[in-house]
Amino acid sequence: MFRVLVTDEVDQEGVVLLTAEPALQVDELPTLPKDELLRRIGEYDAIVGRSATRISAELLKAGGKLKVVGRAGVGVDNIELDVATSLGIAIINAPAGNTVAVAELFFGTVIGLLRQLHTAAAAMGDGRWDRAKFMGRELKGKTLGIVGLGRIGSEVAARAHAFGMTVVAYDPYIADERFAALRVRRAPSLDALLAETNVLTLHVPLTDETRGMIGKRELARLPARSVVVNLARGGVIEEAALQAALETDQLRGAVLDVFTVEPLAPDSPLRNIPNLVLTPHLGANTVEAQRNVSRDVCVAVRDALLHNDLSRSINVSGATGEWSELQSAMLLTRRAAAVARAVLADQGMRAVRRVALRVSPDLAHGTGAMLAAAAAGVLEGVIETDRLNLINARSLAEARGLELSVAETTELGSGRALEVSLSGGMQQLAVAGVAPEGGTPRLTRIGSFHVDVNPRQTLLVLTNHDVPGVIGRVGTLLGERGVNIAEYHQARLAQGGDALAAVSVDGTVSEETRKALLELSDVRSASIVHFRNE
Ligand SMILES: NC(=O)c1ccc[n+]([C@@H]2O[C@H](COP(=O)([O-])OP(=O)(O)OC[C@H]3O[C@@H](n4cnc5c(N)ncnc54)[C@H](O)[C@@H]3O)[C@@H](O)[C@H]2O)c1
Ligand SMILES: O=C(O)[C@H](O)COP(=O)(O)O
């Protein structure tokens, strides 16, 4: 049974998908004060919320059982992502569901500003009929400057064409083809964009690069009497600089939906500027958007908890396509790495320095997640953590100085083949296998020895001299100790030379049994790998 805390009034459309699951116990609570949430978070396996709940490092650390944080919205600047990653907590957001809501709010607010609708409506409420005073401006023929041509920026651009605007954007991370498809002219720099913009709109995330990207200097570069709209995040525009530009009439007006500190203080000076339209972070506040994001995030949180499906997690990298289709490859990768690590350790090489993964082209789409699986296989049983998983394995490995690499190769053949090679000092060992889609993964090579064994429960890897009688002696010893053999694959390089046995057994095997195996004549090494249930 997993416990899920749903807060910040996440829409019912998604919540019912969680409550419908017998294996999930869902508590719906209003946005909790920080201290109360800190006190309670330890009870939960997952939390689903919106921007009102700050997912701080302190909260993540207090969430001893926390596996998943679901964000019913796009922005994850309220979440300490690096801390979540190092703790192995999946972060899942709902990136697409509120795009249209924000794009439509842009036109609603900017037209409202240009036609002074909010003041006109207030004047009507006061009993006045001031037609001449409310002379407006049109969008047609104006240049719209978009900073950030992602999902929202693109939807704004598409609609701006219908208003007869010239659309220019600055987004160095978007390819020329996308600009062309959207019929948007690329500005070579932010300064170049500002110089020709009549209506500036921001659709970037809050990052180290975008924080304060529009300040006094940038506002001064806009043509006189331009309009500035920020529906992205507080902090992207410097509020004091904006206030000054509005009060000196350098700008015609501005719209802010987001603020450096939310909720905006009741006595904030921003509240008294007539040509500034303020909305209380309403970008995603439509019935449709809330349904969309709630459904998207709740499905993904449910699948992460119940089916270990981390494909929607933004802090597990590098898997495209169906997650379920990659499961067997990730499992095999982790287990191949665990086998290599155990065998090398028994040969005296405990300090692994490099982990090199090679995959056949039909697995190339999953290399990021598979590399994380390889790192987890190397670290399991070695580091002390109750949460070693695909989310934190790479960062934990890199923190220990392991070099991780992955390459696609045709040398392993097709048929979803992979090889994990571990090395350190002069020693190196590669373990390979195949992971048929929906089928049972098989180890096919340990070092130079070709084997064919399913890495399940426990694997014994024995090396011996290729002489008669070893298999019998090993079988007898294991039988006397109640160890049941599932598969026994004996391989050799040449008659009478070195041989290797990959023996899959049920249950666990004690260290004492390993020592007894080592005492059998002609057995040279014995490694035990207990696979974790993943
Ligand atoms: N007001 C609201 O309620 C509301 C609702 C949804 C989203 N948002 C905000 O809007 C932002 C954008 O949402 P989206 O769905 O379009 O995200 P997105 O990731 O699809 O697009 C963001 C774009 O910004 C670009 N970008 C990043 N850094 C940049 C930089 N330094 N200069 C120029 N461009 C840069 C990226 O390349 C990307 O194309 C979100 O991060 C969120 O903070 C606000
Ligand atoms: O990032 C977002 O999706 C928006 O800012 C909406 O946030 P909210 O769901 O907390 O209103």
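It should be emphasised that the depicted structure is a prediction, and the values quoted were computed from it without experimental measurement.

The rules behind these values
- Residues numbered from 1 in each chain as written.
- Chains lettered and ligands numbered in written order.
- Predicted model: local features only at pLDDT ≥ 70, side-chain atom pairs only at ≥ 80, totals over all residues.
- Near = placed C-beta within 6 Å.
- Nonpolar A, V, L, I, M, F, W, Y, C, P; charged D, E, K, R; others polar.
- UniProt positions renumbered as here; feature names shortened; annotations may be inferred.
- Helix = DSSP H or I, 4+ residues; strand = E, 2+ residues; numbered from the N terminus.
- Buried ≥ 20, exposed ≤ 12 C-beta atoms within 10 Å, placed from the backbone.
- Contact = placed C-beta atoms within 7 Å.
- Domains from an automatic or database assignment.
- Pairing = 2+ DSSP bridges.
- Axes fitted to C-alpha atoms, helices over the stretch in contact; angles between N-to-C directions.
- Expected span 1.5 Å × (residues − 1).

### Re the site of ligand 2
Next, step 1: With respect to spatial proximity, the complete set of residues near ligand 2 consists of Arg 50, Ser 51, Ala 52, Ala 72, Gly 73, Val 74, Gly 75, Asn 98, His 281, Gly 283 and Ala 284.
Next, step 2: Of the residues assigned to the shell around ligand 2, the class counts are four nonpolar, six polar and one charged.

### A word on the UniProt feature "domain: ACT" (unreviewed entry) in the chain
Next, step 1: UniProt records the feature "domain: ACT" (unreviewed entry) at residues 459-531, using the numbering of this structure.
Next, step 2: Helix makes up 27% of residues 459-531 and strand 42%. Its end C-alpha atoms lie 8 Å apart.

### As for the environment of Ala 491
Next, step 1: Mapping Ala 491 onto the fold places it in strand 20 (residues 485-492).
Next, step 2: Ala 491 gets classed as partly exposed once you count the C-beta atoms within 10 Å, which come to 19.
Next, step 3: Each C-alpha atom of the pair Ala 491 and Gly 253 lies 78 Å from the other, and the pair is 238 residues apart in sequence.
Next, step 4: Discounting residues that sit within four places of it in the chain, Ala 491 has contacts with Phe 449, His 450, Val 451, Ala 499 and Leu 500.

### A look at the site of ligand 1
Next, step 1: Inspection of the region around ligand 1 gives 32 residues, with Gly 148, Gly 150, Tyr 173, Pro 205 and Gly 283 positioned closest.
Next, step 2: Of all the secondary structure elements, the ones that give two or more residues to the shell around ligand 1 are helix 5 (99-114) and helix 7 (151-162).
Next, step 3: With three residues, helix 7 is the single largest residue contributor to the shell around ligand 1.
Next, step 4: Counting residues domain by domain, the shell around ligand 1 receives three or more from each of domain 1 (2-97 + 288-307) and domain 2 (99-278).

### Here we look at the sheet that holds strand 5 (residues 90-93)
Next, step 1: The sheet built from five strands is open, its strands ordered 2-1-3-4-5 with parallel pairing. On the outer flanks of this sheet lie strand 2 (24-28) and strand 5, each paired with one strand and no other. When strand polarity is set aside, the average angle formed by the axes of neighbouring strands in this sheet is 15 degrees.
Next, step 2: Examined bridge by bridge, strand 1 (residues 2-6) and strand 3 (residues 46-49) share three bridges and lie parallel to one another. Pairing of Leu 5 across the sheet is with Ile 47, part of strand 3.
Next, step 3: Along the sheet, helix 1 (residues 12-19) makes contact with strand 1 and strand 2, crossing strand 2 at roughly 145 degrees.
Next, step 4: Relative to the sheet, helix 12 (residues 287-307) contacts strand 1, strand 2, strand 3, strand 4 (68-71) and strand 5, its axis offset from that of strand 4 by approximately 170 degrees.

### What to know about helix 5
Next, step 1: Relative to the 22 Å expected for 16 residues at 1.5 Å per residue, helix 5 spans 23 Å between its end C-alpha atoms, a close match to the ideal helical length.
Next, step 2: All buried positions along helix 5 are accounted for by Thr 99, Ala 101, Val 102, Ala 103, Leu 105, Phe 106, Thr 109, Val 110, Gly 112 and Leu 113.
Next, step 3: Directly beyond the C-terminal end of helix 5, a positive phi value near 55 degrees is found at Gln 116.

### A look at the domain arrangement of the chain
Next, step 1: Each domain of the chain was delimited in the assignment, giving domain 1 (2-97 + 288-307), domain 2 (99-278) and domain 3 (325-527).
Next, step 2: Inter-centroid distance (C-alpha atoms) of domain 1 to domain 3 is 36 Å.
Next, step 3: At the interface, six residues of domain 1 touch six residues of domain 3.
Next, step 4: The element contributing the most residues to the side of domain 1 that touches domain 3 is helix 4 (residues 81-87), with three residues.
Next, step 5: Across the side of domain 1 that touches domain 3, the residue classes break down as three nonpolar, three polar and no charged.

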